[in-house]
Amino acid sequence: MNFVVTDFFAHVVSWVERENRRFIGILQGLSEQEWRAPTFCPNWCVADVVAHMTLGARFYAHVIPAGAAGRLEMPFGAGDLESFWAYRKEVGDELVALSADERINAFAEAVWRLQEVFEGVHPDALDKHAWHWLAPCPIRTFPGQRLYELLLHDWDIRNQPDSALHSSSLSIAVDCLPERFPIFFGARGDREFSGAICFETKEPERKWTLIIQEGHSEIVYADHGDCDARVVSDGSDLVLLTTGRASLEDKERAGRLRIEGDRTQAALVLDVLSRPF
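What counts, and at which threshold
- Residues numbered from 1 in each chain as written.
- Predicted model: local features only at pLDDT ≥ 70, side-chain atom pairs only at ≥ 80, totals over all residues.
- Heavy atoms only, no water.
- Core = buried A, V, L, I, M, F, W, Y, C linked by side-chain atoms within 4.5 Å.
- Buried < 20%, exposed > 50% of the residue type's maximum accessible area, 1.4 Å probe, protein only.
- Helix = DSSP H or I, 4+ residues; strand = E, 2+ residues; numbered from the N terminus.
- Contact = heavy atoms within 4.5 Å.
- Disulfide = S-S within 2.5 Å.
- pLDDT = per-residue confidence, 0-100.
- Axes fitted to C-alpha atoms, helices over the stretch in contact; angles between N-to-C directions.
- Parallel < 35°, antiparallel > 145°, perpendicular 65-115°, else oblique.
- Left-handed = near helix turned anticlockwise from the far one by under 90°.

Overview of the nonpolar core
Membership of the largest hydrophobic core comes to 90 residues, with the highest contact counts inside it found for W35, I64, F107 and F199. Take this core: its biggest share by element is 13 residues, from helix α3 (residues 46-68). The contacts of F107, once residues within four sequence positions are left out, are F23, I24, L27, V50, M53, T54, R146 and L150.

A closer look at the state of the cysteines
Taken as a whole and assessed by the stated rule, the structure comprises one disulfide. In this structure C45 is a free cysteine whose sulfur lies 11 Å from that of C41, the closest cysteine sulfur available. Overall, C45 belongs to the buried group, its relative accessible area being 12%. Its sulfur unpaired, C176 is 13 Å from the next cysteine sulfur, which belongs to C137. Using a relative accessible area of 6% as the deciding quantity, one classes C176 as buried.

Comments concerning the confidence of the model for the protein
For the protein, the average pLDDT comes to 92, and 96% of its residues sit at 70 or higher. For the protein, the element scoring lowest by mean pLDDT is strand β5 (residues 216-220), at 87; α3 scores highest, at 98.

A look at the packing of helix α6 (residues 142-158) against helix α7 (residues 170-188)
Their axes nearest at 9 Å, the elements α6 and α7 cross at an angle of 130°. Our classification of the angle between α6 and α7 gives oblique. Judged by the sense of rotation from one axis to the other, the crossing of α6 with α7 is left-handed. Facing α6, whose interface residues are G144, Q145, L147, Y148 and L151, α7 presents L170, I172, A173, C176, L177 and R180.

Next comes the structure, spelled out in structure tokens:
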């Protein structure tokens, strides 16, 4: 295993720990009225979002050790997607019905258990795959996904759609996008599509190219001279857009995102990347 990849995994895991503590602090300050407040997630109050996050942590804590052992295994004893989602709905409702202290305790127990799992991953297991309902994903990508969930669900709870992501870990989240994009496009993109889309962010300053050839996609960390299009935005806007929390047209209209070159090609790729995970 490349030591750079190993070091980056550990770096992301350390930021997940920080975000866990920050998020728990947010929850501890909520009144019962605030627990019931609507969020950016349609038909979900804050308690629903936290229940979802609690189950997500339990989900990852199961599939990662299974994947490390060579098993693509669904969590919760589920044998198919129907039973997986049914379990999440049933237990999610139970978590929502708890008292505030009980909800926080359940969340904390789940996230710290997952943190132990992350910290226990052996470097040789980072490229092994663990089960996810979208597609099997390399174990190395799960901490980044969890970091997104902590940042984004904080944003969901604040329910201020015009606001930016507020966290010192934003730069790390942007650094995780290049691993996320090929998985997304590989699972949901047009198998006949070919093209190269360059991404450039400000705050933080990052640059990479997503190269797609008939269903296969990869990231190049360089300014690719033959890009079909270039997407330029702030890091917060790109994360929000590519997690289904923003509209490409709205960001362009507000001058917060710019596409240079072939807009049709860029829009096709961004449409795939912006579907919620």
